[in-house]
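Each chain, letter by letter, is given below.
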Amino acid sequence: MSTSAAPILITGAGQRVGLHCAQRLLEDGHRVIFTYRTERPGVQTLRDLGAIGLFADFASETGILAFIAELKSHTDSLRAIVHNASEWLAETPGSEAEAFTRMVNLHMLAPYLINLHCAEQLQRSTPADIIHISDDVTRRGSSQHLAYSASKAGLDNLTLSFAARYAPHIKVNGIAPALVLF
């Protein structure tokens, strides 16, 4: 990614992959806006490095739309969106529908709505990118995390669909890592 005055949005950057990506982008001179659901040491680390941290709860449409409104109050353009927010939630007896809904909202509805509602901000930047962080588990499924695996597979299809919709101005790609050692 080339350096731009427009910030890069990274969802779920308080820890692990999102934190690492945000730190690297900041080191390379990019402006970063990131989301977090829980205050963790990484959230303060990113703030100390100059990033703007915005609380976001992507468990519901209301929470997603509230985040989008908050984001738009901080910037009128975006260089890129990195959809990293995720949760590894196992289904437990009696809460299967709740787990499935939560995973679909987090892994599919949030990227879907953010991509749609922030396309104008991306179009104000050249180049412009959307990156969906998926998971290698979508190739084989998961016996214990069915909703997680299915919702990440849905994110893979959103990658293809948004790539077709926004080409050629906004490039849309997916990254599907397996286990990551930090």
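Trainee: Looking at this model, I keep getting lost on the overall build of the protein chain. Mind explaining?
Mentor: Counting its secondary structure elements, the protein chain contains 6 helices and 6 strands. Each helix (α) and strand (β) of the protein chain, taken in turn from the N terminus, gives the series β-α-β-α-β-α-β-α-α-β-α-β. Here the protein chain has a C-alpha radius of gyration of 16 Å; the compact-globule value for 182 residues is 16 Å, and the two agree. Along the first, second and third principal axes, the C-alpha set of the protein chain runs to 50 × 40 × 35 Å. Burial status across the protein chain gives 47% buried among its 182 residues. Contacts in the protein chain between residues far apart in sequence, at least 24 positions, make up 67% of those at least 6 positions apart. Of note, the protein chain has its 15 positive side-chain charges centred 4 Å away from the centre of its 17 negative side-chain charges.

Trainee: Would you mind going over the sheet that holds strand 5 (residues 128–133) with me for this structure?
Mentor: Strands belonging to one sheet form pairs held by backbone hydrogen bonds; the direction of such a pair is parallel or antiparallel. On the basis of which strands lie adjacent, the open sheet formed by 6 strands has the order 3-2-1-4-5-6 and parallel pairing. Of all strands in the sheet, those with a lone pairing partner are strand 3 (52–55) and strand 6 (170–175), marking the two edges. Between one strand axis and the next, the sheet turns by 15 degrees as a mean value, whatever way the strands run. Alignment of strand 2 (residues 32–36) against strand 3, held across 4 bridges, turns out to be parallel. Bridge pairing links Ile33 to Ile52 in strand 3. Strands in contact with helix 4 (residues 96–117) are strand 1 (8–10), strand 4 (80–83) and strand 5; relative to strand 4, the strand with the most contacts, it is inclined by about 175 degrees.

Trainee: Would you mind showing me how to read the packing of aromatic side chains here?
Mentor: The geometry of an aromatic ring pair is captured by two quantities: the separation of the ring centres and the angle between the planes. Scanning the entire structure with this criterion turns up 6 aromatic pairs. When the ring of Tyr36 is compared with that of Phe55, the centres are 6.1 Å apart and the planes differ by 75 degrees; the resulting orientation is edge-to-face. Within this pair, whereas Tyr36 is found in strand 2, its partner Phe55 is found in strand 3, the two being separated by 19 residues in sequence. Taken together, the aromatic side chains of Phe34, Tyr36 and Phe55 make up a single cluster linked through ring pairs.

Trainee: Explain the state of the cysteines here, please?
Mentor: A covalent bond bridging the sulfur atoms of two cysteines is what the word disulfide describes. Applying the stated criterion to the full structure yields 0 disulfides. With no disulfide of its own, Cys21 lies 19 Å from the sulfur of Cys118, the closest cysteine sulfur.

Trainee: Explanation requested: the nonpolar core in the structure shown.
Mentor: Soluble globular proteins tend to pack their nonpolar side chains together in the buried interior. The biggest cluster of nonpolar side chains holds 30 residues, and the ones touching the most others in it are Leu9, Phe58, Phe67, Leu71 and Ile114. Contact partners of Phe67, with chain neighbours within four places excluded, come to Leu9, Thr35, Leu54, Phe55, Ala56, Phe58 and Ile114. Counting 17 residues, the second largest nonpolar core, distinct from the first, contains Ala13, Leu46, Ala51 and Ile131.

Trainee: Hey, could you run me through the pairing of strand 2 in this one?
Mentor: As a general feature of sheets, a regular strand has side chains that alternate between the two faces. For strand 2, the buried fraction is high: 5 of the 5 residues fall into the buried class. Of the two faces of strand 2, the one holding Val32, Phe34 and Tyr36 and the one holding Ile33 and Thr35 are both buried throughout. Strand direction decides the pairing type here: strand 1 and strand 2, joined by 3 bridges, are parallel. Within strand 2, the position partnered with Ile10 by the bridge is Phe34. In terms of handedness, the path from strand 1 via helix 1 (residues 16–27) over to strand 2 forms a crossover that is right-handed. Where the polypeptide runs from strand 2 across helix 2 (residues 41–48) and back to strand 3, its parallel neighbour, the crossover connection is right-handed.

Here is what the cut-offs are and how they apply
Within each chain, residue numbers correspond to sequence positions counted from 1 in written order. Residues qualify for local features only when their pLDDT is at least 70, as the model is predicted, and side-chain atom pairs are given and counted only at 80 or more; totals for whole chains, interfaces and linings, by contrast, use all residues. Computation of side-chain values: all heavy atoms of the structure, hydrogens and water removed. Only DSSP runs of H or I with at least four residues qualify as helices, and only runs of E with at least two residues qualify as strands; both kinds are numbered from the N terminus onward. Computation of the radius of gyration draws on C-alpha atoms alone. For the globule rule, the value is 2.2 Å times the number of residues to the power 0.38. The buried label goes to any residue with under 20% of its type's maximum accessible area, the exposed label to any with over 50%, and the partly exposed label to all in between, with areas taken from a 1.4 Å probe on protein chains only. Any pair of residues with heavy atoms lying within 4.5 Å of one another is described as a contacting pair. For this count, His and the chain ends are skipped, Lys and Arg are scored as positive, and Asp and Glu as negative. In plain terms, the charge of a residue is placed at NZ if it is Lys, CZ if Arg, CG if Asp and CD if Glu. At least two bridges found by DSSP between two strands are what make those strands a pair. Angles run from 0 to 180 degrees between N-to-C directions of axes, and those axes are lines fitted to C-alpha atoms, restricted for helices to the stretch in contact. Ring pairs are drawn from Phe, Tyr and Trp, using the six-membered ring of Trp, whenever the two centres fall within 6.5 Å, and their geometry is named by plane angle: stacked under 30 degrees, edge-to-face over 60, tilted for the rest. Here, a disulfide means two cysteine sulfur atoms that sit within 2.5 Å of each other. We call a set of buried Ala, Val, Leu, Ile, Met, Phe, Trp, Tyr and Cys residues a nonpolar core when their side-chain atoms join them within 4.5 Å. The definition of a right-handed crossover adopted here requires that, viewed with the strands pointing away, the path from the first strand over the helix to the second runs clockwise.

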